[in-house]
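Now for the letters of each chain:
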Amino acid sequence: TGTYRVNANGGSVRLELGTEGGWFSSPVFIIAETPSSDAWVYADNKLVTPTARDADGDLIFQLPGLIREKTVVEVLFDKQSATAPK
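Remember, predicted model here, so these are calculated numbers, not experimental data. (Residues numbered from 1 in each chain as written. Predicted model: local features only at pLDDT ≥ 70, side-chain atom pairs only at ≥ 80, totals over all residues. Heavy atoms only, no water.)

Draft legend 1. Structural detail: the overall build of the protein chain. When helices and strands are tallied, the protein chain shows 0 helices and 10 strands. Counting from the amino terminus, the protein chain carries its helices and strands in the arrangement β-β-β-β-β-β-β-β-β-β. Relative to its 86 residues, the protein chain shows a buried fraction of 35%. Intrachain contacts of the protein chain at a sequence separation of at least 6 include 75% that bridge at least 24 residues. Carbon and sulfur atoms form 47% of the exposed surface of the protein chain, whose accessible area is close to 5600 Å². (Helix = DSSP H or I, 4+ residues; strand = E, 2+ residues; numbered from the N terminus. Buried < 20%, exposed > 50% of the residue type's maximum accessible area, 1.4 Å probe, protein only. Contact = heavy atoms within 4.5 Å. Areas by Shrake-Rupley, 256 points an atom, 1.4 Å probe, with all protein chains shown as cover.)

This is the structure:
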């Protein structure tokens, strides 16, 4: 369906897309079991916005466009800070 559900493992999530010769068309990610409500999503070190939360509190975001080459997606969580980590 183009939606990928991932459980958070500790304070971050790291995914590598497009590494096996496959491609993704505007994939949507649902990150469950997040350790905090503050979250920042990066794709190849660029901040991804917008993000949202569903009724269960799971983080939802979408990467726009067609992904054909290796793309590193990182989701960082920090319940102590109200600003994005540097």
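Draft legend 2. Quick peek at the environment of Lys70. Mapped onto the fold, Lys70 is located in the loop between β9 (66–67) and β10 (71–77). Taking C-alpha positions, Lys70 is 8.7 Å from Glu20, a pair spaced 50 residues apart along the chain. When residues no more than four places from it in sequence are discounted, the contact partners of Lys70 are Glu16, Leu17, Gly18, Thr19 and Asp44.

Draft legend 3. Layout of the sheet that holds strand β1 (residues 3–7). On the basis of which strands lie adjacent, the open sheet formed by 4 strands has the order β1-β4-β8-β7 and mixed pairing. The open sheet has two free edges, formed respectively by β1 and β7 (51–53), since each of these has just one partner strand. Going from strand to strand, the sheet's axes swing by 25° on average, the running direction of each strand aside. (Pairing = 2+ DSSP bridges. Axes fitted to C-alpha atoms, helices over the stretch in contact; angles between N-to-C directions.)

Draft legend 4. Molecular detail of the sheet that holds β10. Reading across from one edge, β2-β10-β5-β6 is the order of the 4 strands in this open sheet, with antiparallel pairing throughout. Edge strands, defined here as strands with exactly one partner in the open sheet, are β2 (12–17) and β6 (46–48). Taking the axes of each pair of neighbouring strands and ignoring which way they run, one obtains an average angle of 25° across the sheet. Sheet analysis places β2 next to β10, joined by 6 bridges and oriented antiparallel.

Draft legend 5. How the structure looks around the confidence of the model for the protein chain. For the protein chain, mean pLDDT is 87; residues scoring 70 or higher make up 90% of the total. Mean pLDDT across the secondary structure elements of the protein chain bottoms out at strand β3 (residues 24–25), with 89, and peaks at strand β8 (residues 59–62), with 97. In the model, residues 81–86 has pLDDT below 50 throughout and makes 9 contacts with residues more than four positions away in sequence or in other chains. (pLDDT = per-residue confidence, 0-100.)

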